[in-house]
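Read off the chains here:
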2 protein chains.
Amino acid sequence: MSNIRDVAREAGVSVATVSRALSDPDKVSQTSLNKVHSAIDKVGYRPNMLARSFRSAKSYAVVVLVPDITNPFFSQVIRSIEDRAQQKGYAVLLGDTRGVPEREKEYIRRVETRLADGVIQLRPDDPNRRFEMPADIACVNVCGCESTSGPRVRIDNRGSARSVVDYLISLGHRRIGVISGLKDNPHTVDRLAGYLESLEAAGIEFDKSLVAEGDFTTWSGLNSAKQFCAMPDKPTAIFCMNDEMAIGAIQTLKQHGIRVPEDISVTGFDDISYARYCDPSLTTVTQPAEEMGKLAMDMLLRLIEGEDLAQEENVLPAEFVIRKSTAIPRKD
Amino acid sequence: MSNIRDVAREAGVSVATVSRALSDPDKVSQTSLNKVHSAIDKVGYRPNMLARSFRSAKSYAVVVLVPDITNPFFSQVIRSIEDRAQQKGYAVLLGDTRGVPEREKEYIRRVETRLADGVIQLRPDDPNRRFEMPADIACVNVCGCESTSGPRVRIDNRGSARSVVDYLISLGHRRIGVISGLKDNPHTVDRLAGYLESLEAAGIEFDKSLVAEGDFTTWSGLNSAKQFCAMPDKPTAIFCMNDEMAIGAIQTLKQHGIRVPEDISVTGFDDISYARYCDPSLTTVTQPAEEMGKLAMDMLLRLIEGEDLAQEENVLPAEFVIRKSTAIPRKD
DNA sequence: TTGTATGCGTTATCAG
DNA sequence: CTGATAACGCATACAA
């Protein structure tokens with residue numbers, strides 16, 4: 001564990017010269033540069049970045065807060081964030097909160113105590129609502145919704161939901177079920193608004209009994225679908241607020257001998273990779289995960305640099321993709 | 001940004017007392033303790049962990065190296081690692097290498113430069129083979145294989161593969177195809193060994209044409225299966241070396257009008273969450289992802305503490321689970 | 001271009 | 001139990 005002094009001694013120069021040779025080589029003569037580099041090789045020197053960070057009061061790390069890393073959509077976004085961070089010389093501290101506020105605080109504390117320079121939040125919630133995010137912390141929200149405040153990047157959830165339901169209506173569906181996320185989840189709110197807009201535009205009356213509440217897990221999609229299967233007057237299509245719930249719902253429908261899409265159409269949201277490989281492949285909304293992560297990281301970097309992004313919002317385009325899980329309603 | 005001196009001044013004690021009050025309260029009188037704590041509240045003090053890390057020459061961070069975070073099996077393991085790390089006061093630096101040695105080196109460098117105290121590698125490769133892992137770096141390998149060296153936690157890939165193939169044979173299958181990972185991938189080697197063992201035990205001759213090489217992606221499973229579809233004498237079962245390839249293979253079979261499992265049985269490996277929800281649900285091998293991550297983190301911690309785990313190996317039990325993608329072979 | 005000297009915030013040593 | 005002070009490794013202002 002040699003340090004900068006060992007190098008200086010070996011090279012026969014001062015520590016300042018070694019330091020400069022490393023961080024600002026232009027300010028050092030070629031001869032010194034050579035001496036320094038061979039000395040570095042000789043003593044096996046590795047700069048202590050901890051000391052460097054301490055000295056410069058920057059950790060060159062950001063924490064990424066995510067409710068669940070095993071969610072394939074989130075992990076795609078995170079991969080993109082990591083990629084960008086690495087390019088920019090930043091490290092990514094993984095903060096899988098599992099929705100536990102205590103764990104979130106723990107990670108926020110890491111930036112308060114200088115172990116990270118900022119935070120990227122992958123959650124729909126307003127960062128200021130569920131717990132106190134100190135105002136002086138650099139934070140950008142990704143995958144948020146209309147009510148999210150602060151710097152953020154998201155898609156138009158309402159508009160995308162509307163595209164989906166508009167399409168179902170155009171196929172001839174009039175009774176369209178919904179498997180939503182938890183009621184107070186902002187994504188649920190935005191996507192439900194799109195659903196309602198679409199219904200209203202088509203002059204279809206809203207039927208409350210057609211909304212089943214899930215929680216974005218496959219398991220909840222599986223269960224929520226049962227409630228539709230039990231109805232005498234089943235919906236002819238089900239709009240699921242994410243792909244996992246759609247996959248769960250399809251599973252249940254099949255078990256009840258209901259064919260998708262011949263008997264009931266099903267749609268998802270997110271376009272996780274399995275959406276393309278399940279049977280039938282899912283009609284869904286592709287979120288630009290890659291782009292969202294990259295953009296979020298870039299925004300955070302600007303924030304860390306001191307730029308004021310106050311309420312900068314980036315709404316990225318999402319793409320509605322039609323696959324095999326939707327069809328015209330069956331005529332009985 | 002107040003520091004320990006501000007607190008000391010405010011509390012009317014020395015910095016040493018403040019430091020002790022925080023790290024070793026037993027050594028401080030109750031009066032001092034009170035003064036310190038109210039001073040901390042008053043000036044809004046947050047200890048600078050960067051300084052603390054620097055001083056103690058420990059970063060309290062570990063890097064997790066993973067080829068692809070979006071792989072659901074890996075993300076499960078990582079979630080478990082993160083959980084354990086958080087419990088122990090460690091941060092997890094996410095290193096998604098995408099298999100690029102350059103990126104791996106970048107992360108290894110982070111521990112050489114003291115930004116992390118150790119590494120957990122999620123890759124089958126021998127950590128010493130593909131690039132030079134400095135010997136003095138605390139590193140444990142998880143999800144490795146028989147040829148992996150150094151501290152490691154893994155399952156018995158060969159034995160598990162054998163369970164799968166034994167089962168297929170017990171159903172009456174004699175022509176059993178394989179969709180493998182890349183030939184030189186150690187997982188491929190171990191699992192293929194299990195396959196061969198099983199065949200030999202049953203007196204079935206190995207037919208080289210029944211092995212299709214994939215690369216563990218759904219896409220490759222999709223393509224490899226085509227080669228079986230084109231065969232006049234198709235296998236009656238296909239042993240896929242992971243679930244994604246099995247899912248891809250099933251997709252292809254269906255497109256060719258081949259029913260699973262009635263016409264051809266398919267098995268996977270890993271038991272990612274979609275294995276349970278795809279159609280038909282996958283017969284596969286459940287890796288104890290949770291336990292593997294936790295154990296790997298614990299081993300790394302011991303390594304960091306200076307313990308010598310040299311060649312400690314933990315082989316965890318994997319469970320063979322039978323679902324709907326396997327059946328007795330069709331009699332023609 | 002180079003060297004000297006100082007300080008970053010904390011912990012630990014050593015006297016009191 | 002407490003306080004003064006010396007490190008930790010590096011970057012930089014200032015002087016040469």
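You'll find the structure just up there.
Residues numbered from 1 in each chain as written. Chains lettered and ligands numbered in written order. Predicted model: local features only at pLDDT ≥ 70, side-chain atom pairs only at ≥ 80, totals over all residues. Heavy atoms only, no water.

Let's talk about unusual backbone geometry
The omega angle of the peptide bond from A:Val260 to A:Pro261 is 10°, so this bond is cis rather than trans. Within the fold, A:Pro261 resides in the loop between α10 (243-255) and β9 (265-267). Backbone torsion omega between A:Asp279 and A:Pro280 reads 0°, so that peptide bond is classified as cis. Positive phi, normally seen in glycine, also occurs at A:Arg98, with a value near 55°. Here A:Arg98 shows up in the loop between β2 (91-96) and α6 (101-112). Residue classification places A:Arg98 among the partly exposed positions, given a relative accessible area of 33%. A positive phi angle, near 70°, is found at B:Arg114, a position not held by glycine. With respect to the secondary-structure elements, B:Arg114 resides in the loop between α6 (101-112) and β3 (118-122). (Helix = DSSP H or I, 4+ residues; strand = E, 2+ residues; numbered from the N terminus. Buried < 20%, exposed > 50% of the residue type's maximum accessible area, 1.4 Å probe, protein only.)

Quick notes on the protein's contact with DNA strand C
Close to DNA strand C lie 24 residues, the nearest being A:Ser29, A:Ser32, A:Arg55, B:Ile4 and B:Tyr45. Among all atoms of DNA strand C positioned within 4 Å of the protein, those belonging to sugar or phosphate total 60%. Between B:Ile4 and DNA strand C, the recorded distance is 2.6 Å, taken from a backbone N or O atom to a phosphate oxygen. Within the side chain of B:Arg55, a nitrogen or oxygen atom sits 2.6 Å from a base oxygen of DNA strand C. Secondary-structure elements contributing two or more residues to the surface near DNA strand C are α2 (15-23) and α4 (49-56) of chain A together with α1 (4-11), α2 (15-23) and α4 (49-56) of chain B. (Near = heavy atom within 4 Å. Polar contact = N/O pair within 3.5 Å; in protein donor to acceptor, adjacent residues only side chain to side chain.)

Topic: the nonpolar core
Ranked by internal contacts, the top residues of the largest apolar core, which has 148 residues, are A:Leu122, A:Phe239, B:Leu122 and B:Phe239. If near-sequence neighbours (up to four positions away) are discounted, A:Phe239 is found in contact with A:Ala161, A:Val164, A:Val165, A:Ile176, A:Gly177, A:Val178, A:Ile179, A:Arg191, A:Tyr195, A:Thr267 and A:Phe269. Among the nonpolar cores identified, the runner-up in size contains 26 residues, and A:Val63, A:Leu65, A:Ala91 and B:Cys139 belong to it. (Core = buried A, V, L, I, M, F, W, Y, C linked by side-chain atoms within 4.5 Å. Contact = heavy atoms within 4.5 Å.)

Section: the pattern of salt bridges
The tally for this structure, following the rule as stated, stands at 46 salt bridges over all chains. Put simply, A:Asp207 and A:Arg175 hold a salt bridge, and the shortest N to O gap is 3.4 Å. One end of the pair, A:Asp207, is in the loop between α8 (186-201) and β7 (211-213); the other, A:Arg175, is in the loop between α7 (157-171) and β6 (176-180), with 32 residues separating them in the sequence. For B:Arg158, the salt bridge goes to B:Glu197, with nearest N and O atoms at 2.6 Å. In this pair, B:Arg158 is assigned in helix α7 (residues 157-171) and B:Glu197 in helix α8 (residues 186-201), connecting sequence segments 39 residues apart. Among the ionic contacts, a cluster of salt bridges with common partners joins A:Glu146, A:Arg158, A:Arg162, A:Asp166 and A:Glu197. (Salt bridge = Lys/Arg side-chain N within 4 Å of Asp/Glu carboxyl O.)

What about the environment of B:Ala91?
Relative to the helices and strands, B:Ala91 is located in strand β2 (residues 91-96). B:Ala91 gets classed as buried once you look at its relative accessible area, which sits at 3%.

Remarks on empty space enclosed by the protein
Inspection of every chain in the model, using the stated rule, returns 2 cavities of 30 Å³ or more. The space that makes up the largest cavity amounts to roughly 150 Å³. Lining the largest cavity are 15 residues; nearest its centre among them are A:Tyr277, A:Cys278, A:Asp279, B:Cys278 and B:Asp279. Among the elements of the structure, α10 of chain A together with α10 (243-255) of chain B are those that each provide at least two residues to the lining of the largest cavity. The calculated volume of the second largest cavity comes to roughly 70 Å³. Lining the second largest cavity we find A:Ile247, A:Tyr274, A:Tyr277, A:Cys278, B:Ile247, B:Tyr274, B:Tyr277 and B:Cys278. Along the lines of polarity and charge, the residues of the lining of the second largest cavity split into 8 nonpolar, no polar and no charged. (1 Å grid on protein atoms, 1.4 Å probe; cavity = no way out; pocket = protein on both sides within 12 Å on 5 of 7 lines; lining within 4 Å. Points joined across faces, edges and corners; volume = space filled by probe spheres on them. Nonpolar A, V, L, I, M, F, W, Y, C, P; charged D, E, K, R; others polar.)

Details of the sheet that holds strand β8 (residues 237-240) of chain A
All names here are of chain A. Pairing in this open sheet of 4 strands is parallel, and the strands run β7-β6-β8-β9 from one edge to the other. If you trace the sheet from one side to the other, it starts and ends with β7 and β9, each paired once. When strand polarity is set aside, the average angle formed by the axes of neighbouring strands in this sheet is 15°. Helix α9 (residues 218-229) contacts β6, β7 and β8 of the sheet and is inclined by roughly 150° relative to β6. (Pairing = 2+ DSSP bridges. Axes fitted to C-alpha atoms, helices over the stretch in contact; angles between N-to-C directions.)

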